[in-house]
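Spelled out from the first residue to the last, the chains are:
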Amino acid sequence: ISDRTVFSAGTSIDKSGRATGNLGVRYQPSETGFIEAGASLDSSRSPDFRLSFGRKFAQGGIASL
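Every value quoted in this text rests on a predicted model; they were computed, and no experiment measured them.

Rules and cut-offs
- Residues numbered from 1 in each chain as written.
- Predicted model: local features only at pLDDT ≥ 70, side-chain atom pairs only at ≥ 80, totals over all residues.
- Heavy atoms only, no water.
- Patch = residues over 30% accessible without salt bridge, like charges linked within 9 Å, V, L, I, M, F, W, Y side chains within 5 Å.
- Areas by Shrake-Rupley, 256 points an atom, 1.4 Å probe, with all protein chains shown as cover.
- Salt bridge = Lys/Arg side-chain N within 4 Å of Asp/Glu carboxyl O.
- Helix = DSSP H or I, 4+ residues; strand = E, 2+ residues; numbered from the N terminus.
- Buried < 20%, exposed > 50% of the residue type's maximum accessible area, 1.4 Å probe, protein only.
- Phe/Tyr/Trp six-rings, centres within 6.5 Å; stacked < 30°, edge-to-face > 60°.
- Lys NZ or Arg CZ within 6 Å of the ring centre and 35° of its normal.
- Pairing = 2+ DSSP bridges.
- Axes fitted to C-alpha atoms, helices over the stretch in contact; angles between N-to-C directions.
- Polar contact = N/O pair within 3.5 Å; in protein donor to acceptor, adjacent residues only side chain to side chain.
- Contact = heavy atoms within 4.5 Å.

J.: Explain a nonpolar patch on the surface here, please?
T.: On the surface, a nonpolar cluster with roughly 470 Å² of combined accessible area is contributed by Y27, I35, L51 and F53. Position of F53 relative to the elements: it lies in strand β4 (residues 48–55).

Written as structure tokens, this is what we have:
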């Protein structure tokens with residue numbers, strides 16, 4: 001989609017046969033802000049979904065809105 005977007009995926013199966021996996025995407029339009037979302041999957045429980053965002057205020061002080 002963009003050079004500012006990173007996709008990640010991973011999976012593993014342990015000796016007991018439990019399968020886990022992670023899917024995620026991170027969009028960072030600038031050095032000071034990001035949005036990311038992902039899902040953690042586990043064969044022994046329900047999926048876990050997350051969404052986070054943030055902004056770094058390098059100058060400090062009060063942020064104007």
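J.: Is there a simple way to think about the pattern of salt bridges in this case?
T.: Any two side chains of opposite charge can pair, on the condition that their charged atoms come close. Inspection of the entire model under this criterion finds 3 salt bridges. For D42, the salt bridge is made with R18, and the minimal N-O distance between the two is 2.5 Å. Taken together, the residues span a long stretch of sequence, with D42 in strand β3 (residues 33–42) and R18 in the loop between β1 (5–13) and β2 (19–30) at a distance of 24 residues. Exposure remark for D42: the relative accessible area of 8% places this residue in the buried category. Residue E36 is joined to R26 by a salt bridge in which the shortest nitrogen-to-oxygen separation is 2.9 Å. Remark: R26 occurs in strand β2 and E36 occurs in strand β3; sequence separation between them is 10 residues. Salt bridges linked by common partners bring R18, D42 and R45 together as one network.

J.: So what exactly am I meant to see when it comes to the packing of aromatic side chains here?
T.: Geometrically, a pair of aromatic rings is defined through the distance of the ring centres and the angle of the planes. Evaluation of the coordinates by the stated rule reveals 0 aromatic pairs. The ring of F34 carries R26 above its face, with NZ or CZ at 4.3 Å from the centroid.

J.: What am I meant to see in the sheet that holds β3 here?
T.: Ordered in space as β1-β2-β3-β4, the 4 strands form an open sheet in which the pairing is antiparallel. Every interior strand has two partners, whereas the edge strands, β1 and β4, have only one. Taken over all neighbouring pairs, the strand axes of this sheet differ in orientation by 10° on average, direction set aside. Both β1 and β2 contribute to a ladder of 9 bridges, which runs antiparallel. Note on β2: the bridge partner recorded for V6 is R26.

J.: Sorry if this is basic, but what is going on with the side chain of D42 here?
T.: A distance of 2.5 Å separates polar atoms of two side chains, one belonging to D42 and the other to R18. Setting aside its immediate chain neighbours within four residues, D42 contacts R18, A19 and T20.

J.: I tried to follow the pairing of β3 on my own but got confused; where do I start?
T.: One ladder, built from 9 bridges, connects β2 with β3; its direction is antiparallel. Directly across from G24, in β3, lies its bridge partner G38. Count of turn residues in the β2/β3 antiparallel hairpin: 2 residues. Note: β3 against β4, 8 bridges, orientation antiparallel. Looking at the pairing, F34 lines up with G54 of β4. As consecutive antiparallel partners, β3 and β4 are separated by 5 residues.

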